[in-house]
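Below are the chains, spelled out letter by letter.
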Amino acid sequence: MIASVPMEHCLIFAAVLFALGLAGVIVRRNIVFMLMGVEVMLNAVGVAFVVAGARWGQVDGQVMFIFILTMAAAEVSVGLALVLQLYHRFRTLDADAASRMRG
Amino acid sequence: MNLFFYISAFVAAVSTFMVITRTNAVHALLYLIVSLLAVAFIFFSLGAPFVAALEVIIYAGAIMVLFVFVIMMLNLGAQAAEQESQWLSPGTWIGPSILTVVLAAELIYLFVADQARTSAAGVVGPRQIGFALFGPYVLGVELASMLLLAGLIGAYHLGRPHKH
């Protein structure tokens, strides 16, 4: 019981999700919202990989999705730790607050 | 089952739009969790049940929960939501949104111009994925584990309270 949706509809959906995530990263100034936009983009790329793998009945698309998931997990942990450091130092989550380097 | 895919895709797109337009961080995270669950439905309808389960367990269940915990720890309050709505003035989002819509239109045109292939050739289950991960992709698995180790050490070091 599998959907027989045309492949371009699935890829269009992945493109729409990616564009929404990209807009989220560019428009927002709060760094947590920018991280959320990056997560949306990673998820959209994962959708494209799984759709491509399912089209040929091969396992490689899902394997790529597992690697993307792993990378997203590592990136989110480090990214949120950096967010905590930013908030600890500047008392704001404005991405423009960290605009100067010392020395 | 086709209708299942289209409904899930609509829910995912609408909730992702709500993610990027909310002023309260917790609301945006909840919409993002809904979007991830809808994408898991889509994976299931395409014959990829294993990554559907992984999407729910790892992405929505671990990564997003980590986000929620950190937001709760920061304890931002109503003043932060007020500032977010100030930052989201129309002058801010009109330009990037127009450019992003142009990019999305280009991508959609490219996909539409290439016609008539159905999207799923069968169910690809965990057994085949296991064979692939322990077979041709074993080097990738080792590299992924090294990446996770690096992420773990980095997150531990950066998350410690530093005395100034």
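In what follows, the accompanying structure is described.

What counts, and where the lines are drawn
Residues numbered from 1 in each chain as written. Chains lettered and ligands numbered in written order. Predicted model: local features only at pLDDT ≥ 70, side-chain atom pairs only at ≥ 80, totals over all residues. Heavy atoms only, no water. Helix = DSSP H or I, 4+ residues; strand = E, 2+ residues; numbered from the N terminus. Buried < 20%, exposed > 50% of the residue type's maximum accessible area, 1.4 Å probe, protein only. Contact = heavy atoms within 4.5 Å. Areas by Shrake-Rupley, 256 points an atom, 1.4 Å probe, with all protein chains shown as cover. Lys, Arg positive; Asp, Glu negative; His and termini not counted. Charge placed at Lys NZ, Arg CZ, Asp CG, Glu CD. Rg over C-alpha atoms; globule rule 2.2 N^0.38 Å. Buried area = accessible area lost by both parts, 1.4 Å probe. Salt bridge = Lys/Arg side-chain N within 4 Å of Asp/Glu carboxyl O. Polar contact = N/O pair within 3.5 Å; in protein donor to acceptor, adjacent residues only side chain to side chain. Nonpolar A, V, L, I, M, F, W, Y, C, P; charged D, E, K, R; others polar. Expected span 1.5 Å × (residues − 1). Arc of directions from axis to C-beta. Phe/Tyr/Trp six-rings, centres within 6.5 Å; stacked < 30°, edge-to-face > 60°. Lys NZ or Arg CZ within 6 Å of the ring centre and 35° of its normal. Axes fitted to C-alpha atoms, helices over the stretch in contact; angles between N-to-C directions. Parallel < 35°, antiparallel > 145°, perpendicular 65-115°, else oblique. Core = buried A, V, L, I, M, F, W, Y, C linked by side-chain atoms within 4.5 Å.

### What about the overall build of chain A?
Thought 1: In terms of regular secondary structure, chain A is built from three helices and zero strands.
Thought 2: Reading chain A from its N end, one meets helices and strands in the order α-α-α.
Thought 3: On the principal axes, the C-alpha backbone points of chain A span a range of 60 × 25 × 25 Å.
Thought 4: Split into buried and exposed, the 103 residues of chain A put 58% on the buried side.
Thought 5: For chain A, the share of sequence-separated contacts (at least 6 apart) that also reach a separation of at least 24 residues comes to 55%.
Thought 6: Roughly 4,200 Å² of accessible area belongs to chain A as shown, and the carbon and sulfur atoms make up 65% of that amount.
Thought 7: Of the charged side chains in chain A, 7 are positive and 6 negative, and the gap between their average positions amounts to 15 Å.

### What to know about the overall build of chain B
Thought 1: Each helix and strand in chain B was counted, giving seven helices and zero strands.
Thought 2: Each helix (α) and strand (β) of chain B, taken in turn from the N terminus, gives the series α-α-α-α-α-α-α.
Thought 3: Whereas a compact globule of 164 residues would reach a radius of gyration of roughly 15 Å, chain B reaches 20 Å, over 25% beyond that.
Thought 4: Its C-alpha atoms put chain B at 55 × 40 × 25 Å along the principal axes.
Thought 5: Here the analysis covers contacts within chain B between residues at least 6 apart in sequence; of these, 62% occur between residues at least 24 apart.
Thought 6: Put simply, chain B shows about 9,600 Å² of open surface, and 74% of that area lies on carbon and sulfur atoms.
Thought 7: Here chain B contributes 5 positive and 6 negative side-chain charges, whose respective centroids are spaced 12 Å apart.

### With respect to the interface of chain A and chain B
Thought 1: Between chain A and chain B, the contact holds 70 residues from the first and 84 residues from the second.
Thought 2: Of the roughly 6,800 Å² buried where chain A meets chain B, counting both sides, 77% is carbon and sulfur surface.
Thought 3: Where chain A touches chain B, the interface holds zero salt bridges.
Thought 4: Here chain A is connected to chain B by eight residue pairs in polar contact (both at pLDDT 80 or more).
Thought 5: Broken down by element, the residue count for the side of chain A that touches chain B peaks at 24 residues, all from helix α3 (residues 60-90) of chain A.
Thought 6: Considered class by class, the residues forming the side of chain A that touches chain B number 49 nonpolar, 13 polar and eight charged.

### Here we look at helix α2 (residues 25-45) of chain B
All names here are of chain B.
Thought 1: Here α2 is 21 residues long and its end C-alpha atoms lie 31 Å apart, about the 30 Å a rise of 1.5 Å per residue gives.
Thought 2: Regarding α2, its N-cap is N24, as a side-chain oxygen of that residue lies 3.1 Å from the backbone nitrogen of V26 further along.
Thought 3: Backbone geometry just downstream of α2 places G47 in the positive-phi region, at approximately 80°.

### Considerations on helix α6 (residues 126-134) of chain B
In an α-helix there are 3.6 residues to a turn, and that puts residues three or four apart on one side.
Thought 1: Residues of α6 of chain B that are buried include every one of I129, A132 and L133 of chain B, and no others. Taken end-on, α6 of chain B shows its buried residues confined to a sector of 95°, consistent with a single buried face. Among the exposed residues of α6 of chain B, those pointing more than 90 degrees away from its buried face are R127, F131 and F134 of chain B.
Thought 2: Those residues of α6 of chain B that are buried lie in contact with α3 of chain A together with α3 (49-74) and α7 (138-159) of chain B.

### Details of the packing of aromatic side chains
Thought 1: One pass over the structure, following the stated rule, counts four aromatic pairs over all chains.
Thought 2: Plain terms: the ring middles of F65 of chain A and F43 of chain B are 5.1 Å apart, the flat faces sit at 80° to each other, and that makes the pair edge-to-face. In this pair, F65 of chain A is assigned in helix α3 and F43 of chain B in helix α2, connecting two distinct chains.
Thought 3: Residue F65 of chain A is classed as buried on the basis of its relative accessible area of 1%.
Thought 4: Residue placement shows R28 of chain A over the ring face of F33 of chain A; its charged tip is 3.9 Å from the ring centre.
Thought 5: Directly above the aromatic system of W56 of chain A lies the positively charged group of R55 of chain A, at a separation of 4.2 Å from the ring centroid.

### Quick notes on the packing of helix α2 (residues 31-56) of chain A against α3 of chain A
Residues and elements named next belong to chain A.
Thought 1: Here α2 crosses α3 at 175°, and the two axes come no closer than 9 Å. By the angle between their directions, the pair α2 and α3 is classed as roughly antiparallel. On the side of α2, the interface is formed by I31, V32, L35, V38, E39, L42, N43, V45, G46, F49, V50 and G53, while α3 contributes G61, M64, F65, I68, M71, A72, E75, V76, G79, L80, V83 and L86.
Thought 2: Its residues placed into classes, the contact of α2 with α3 shows 17 nonpolar, five polar and two charged.

### What to know about the nonpolar core
Thought 1: Counting 65 residues, the largest nonpolar core has F13 and M36 of chain A together with F43, Y59, M64 and F67 of chain B as its most contacted members.
Thought 2: Of all the secondary structure elements, the ones that give two or more residues to this core are α1 (7-27), α2 and α3 of chain A together with α1 (2-21), α2, α3 and α6 of chain B.
Thought 3: Considering every element that reaches this core, the biggest residue donor is α3 of chain B, with 12 residues.
Thought 4: Contacts of M64 of chain B, omitting those with residues within four sequence positions, involve E39 of chain A together with L29, L32, I33, L36 and Y59 of chain B.

Spatial relationships are all this shows, so hold off on functional conclusions.
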